Structures are given as structure tokens and as C-alpha cells.
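Descriptive analysis of the structure
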Amino acid sequence: MPKNKKTEWQVGDPAISVVSDQFCNPYPMDLLVKRKVQNFSKDHYEVFDPSGNLLLQIDGQAWGFNRKRIMRDPAGFTILTMRQKGLALKNKWEVHGGESKEREDLLFTVQQSQAVSLKTSVDIFLPENNNVKKTSNTCDFHASGGYSNISFKVFKSDALIAGVGFTWGSFCKGKYNFKVRVNPEVDYAFIIALLVMVDDNENWC
């Protein structure tokens, strides 16, 4: 959990590689994420750099239980798969490398911090932390935001590693954009996966 005194991940800090080192950059990154519901059951995300180059794309189910989302690179190669885990008081996702479901390919787990809250809050656990009791005091990362400002920030302990600046578009029509700032040496594929899962659990129109 972030403490009262907050800092920011800076140039020269150790790399935070969760998905792969290839997604860690030695400088801050400003990304544009575009989301569009394609039909009643599927939606699509695209992630661009400031020059308009496509970096990532995510497809998956827009509604229903036991949802699955797949992140691919611009060429269509599968990077990771996000799966929602059944019905529970606290929403939970497991993220595996590629299209795997195997334990040895688990990248991280995301769990809602509280069953009921006006503020979106999730805890993230790496595989080596998988056997501990999953609470906000034992998580590796923490992300929080709110329904009112439709944004969130991601922390490692007390250090801010990424955040959503603002959004625009039509939430009721399922078409809107995010501005995401990822701090230096932070795995942006990991941050985008978190954004998609947090966005998925928000109750839009």
C-alpha cells in the first residue's frame, strides 16, 4: 500500500519488468489508449505512442462473467491473456504469458481491495507472492482511482509508477480514450493490462 509520503519512480531507478524487459523504457512515456465496443459482447483497445505508432492491441468480452482479454503486439502476436476468475465478492483476474493457463506462466494476479467501495482500488500480486494471504498489506503493487474522475494511479509501495491523466469520449456509447503517463523503467504492457482490468470493472452507462 502507498504510504502518506509519496514519491515518483525516476530515471535511474531499478526497472519494473512484469511482462517483459522489452516494455521498459528509460524515459517517461505518454500513451494514448483508445477503447471501442465493437458489438454487444466484444470490445477493442488500441495503444499508441505520441507519434501515432500502434504499440499494443487488446480484444475481449465487454460483458458477462468469466471474461477473457488478450493483449497482442501490432503484428498480432499474443503477449498475455487476462482472465476473470469466477463469481466472488471481490473481483479477481489472473494474467498469464501468451495464451497459457499454466501456473508456471502466471505473470500476476489482480484483486479488488474491497468488495464495496465508491473508489476503485485493486491490489496486484506477483507469482512469488502468490502463497501469502492476499491483502493490501502484502501486495506488490496497488492501483486506485474513482468513479468521479475516471482515473487511477499505480503505486509500488509509496512510489507512483504510472497514472491516467484524463479521458474523453462517450462512455454511454462505449467509445472513449485515455491519456496514460508511464514513469521511467516501468513495464508499460503491465500498466496497460491494469488499466483494461480496472476499466472493465467500472460501472459505465
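Scroll up for the structure.
I will try to describe carefully the structure that is included in this document. (Residues numbered from 1 in each chain as written. Predicted model: local features only at pLDDT ≥ 70, side-chain atom pairs only at ≥ 80, totals over all residues. Heavy atoms only, no water.)

1. Looking at the overall build of the protein chain
We count it as follows: The numbering of helices and of strands both runs from the N terminus, where a helix is a DSSP run of H or I of at least 4 residues and a strand a run of E of at least 2. Working definition: with a 1.4 Å probe on protein chains only, accessible area under 20% of the residue-type maximum means buried, over 50% means exposed, and in between means partly exposed. Throughout, a contact is declared for two residues whenever any of their heavy atoms are within 4.5 Å.
Along its length, the protein chain carries one helix and 13 strands. In the protein chain, the order of α-helices and β-strands from amino to carboxyl end is β-β-β-β-β-β-β-β-β-β-β-β-β-α. Every one of the 205 residues in the protein chain was classed for burial, and the buried ones make up 52%. Contacts in the protein chain between residues at least 24 apart in sequence constitute 40% of all its contacts with a sequence separation of at least 6.

2. Side note on the packing of aromatic side chains
In this description, an aromatic ring pair is defined by two values, namely the gap between the centres and the angle between the planes. Rule in force here: Aromatic rings from Phe, Tyr and Trp, with only the six-membered ring used for Trp, were paired whenever their centres fell within 6.5 Å, and each pair was classed as stacked if the ring planes differed by under 30 degrees, edge-to-face if by over 60, and tilted otherwise.
The tally for this structure, following the rule as stated, stands at four aromatic pairs. Relative to Phe 190, the ring of Phe 108 lies with its centre 5.0 Å away and its plane at 90 degrees, an arrangement referred to as edge-to-face. With Phe 108 in strand S8 (residues 106-112) and Phe 190 in helix H1 (residues 188-201), this pair connects stretches of sequence that are 82 residues apart. By relative accessible area, Phe 190 is classed as buried at 0%. Measuring from centroid to centroid gives 5.0 Å for Phe 141 and Phe 190, while their planes differ by 55 degrees, and the two rings are tilted. A residue pair is termed long-range when its members are at least 10 positions apart, and Phe 141 in strand S10 (residues 141-146) and Phe 190 in helix H1 qualify at 49 residues. The pair Phe 141 / Phe 190 is uniform in exposure class, with both members buried. In this structure an aromatic cluster arises from ring pairing among Phe 108, Phe 141 and Phe 190.

3. What to know about the side chain of Thr 78
Cut-off, in case you're wondering: Think of a polar contact as two N or O atoms within 3.5 Å of one another; within protein, one of them needs to be a possible hydrogen donor and the other a possible acceptor, and neighboring residues in sequence only count if both atoms come from side chains.
Here Thr 78 is to be found in strand S6 (residues 78-84). Only 3.2 Å separates the side chain of Thr 78 from the side chain of Glu 99, close enough to count as a polar contact. If sequence neighbours within four positions are ignored, Thr 78 has contacts with Ile 70, Met 71, Arg 72, Gly 98 and Glu 99.

4. Topic: the environment of Tyr 188
With respect to the helices and strands, the residue Tyr 188 is situated in helix H1. The sequence separation of Tyr 188 and Ile 161 amounts to 27 residues, and the corresponding C-alpha distance is 9.9 Å. Not counting residues within four places of it along the chain, the set of residues in contact with Tyr 188 comprises Phe 23, Asn 25, Met 29, Leu 31, Leu 55, Leu 56 and Val 182.

5. Details of the nonpolar core
Inclusion rule: Side-chain atoms within 4.5 Å link the members of a nonpolar core, which is a set of buried Ala, Val, Leu, Ile, Met, Phe, Trp, Tyr and Cys residues.
Of all hydrophobic cores here, the largest spans 49 residues; its most connected members are Leu 56, Phe 108, Phe 190 and Ile 192. In terms of residue count, the dominant contributor to this core is H1 (11 residues). Ignoring sequence-local partners within four residues, the contact set of Leu 56 consists of Phe 23, Tyr 45, Glu 46, Val 47, Met 71, Arg 72, Ile 79, Tyr 188, Ala 189 and Ile 192.

6. As for the environment of Gln 57
Relative to the helices and strands, Gln 57 is located in strand S4 (residues 54-61). For Gln 57, a relative accessible area of 15% translates into the label buried. Ignoring anything within four residues of it in the chain, the contact list for Gln 57 reads His 44, Tyr 45, Glu 46, Ile 70, Met 71, Arg 72, Asp 73, Pro 74 and Gly 76. In this structure the side chain of Gln 57 is engaged in a polar contact, spanning 2.9 Å, whose partner is the backbone oxygen of Asp 73.

7. What to know about unusual backbone geometry
The backbone of Ser 157 shows a phi angle near 55 degrees, a positive value even though the residue is not glycine. Within the secondary structure, Ser 157 is located in the loop between strand S11 (151-156) and strand S12 (159-170). The backbone phi angle of Glu 185 is positive, close to 60 degrees, even though this residue is not glycine. With respect to the helices and strands, the residue Glu 185 is situated in the loop between strand S13 (175-182) and H1.

8. Notes on the pattern of salt bridges
Selection rule: Each reported salt bridge corresponds to a side-chain nitrogen of Lys or Arg within 4 Å of a carboxyl oxygen of Asp or Glu.
Tallied over the full model, the rule gives four salt bridges. Its salt-bridge partner being Arg 181, residue Asp 30 comes within 2.5 Å of it at the nearest N-O pair. Here the residue Asp 30 occupies a position in strand S2 (residues 29-37), and Arg 181 occupies one in strand S13, the gap between them amounting to 151 residues.

9. Section: the pairing of S2
Along any regular strand, the residues point their side chains to alternate faces of the sheet. What counts, and what does not: Any two strands with at least two DSSP-identified bridges between them are counted as paired.
Looking at chain direction, S2 and S13 are connected through eight bridges and run antiparallel. By the bridge assignment, Lys 36 is partnered in S13 with Lys 175.

Note that every value here comes from positions in space, so none of it alone points to a role or purpose.
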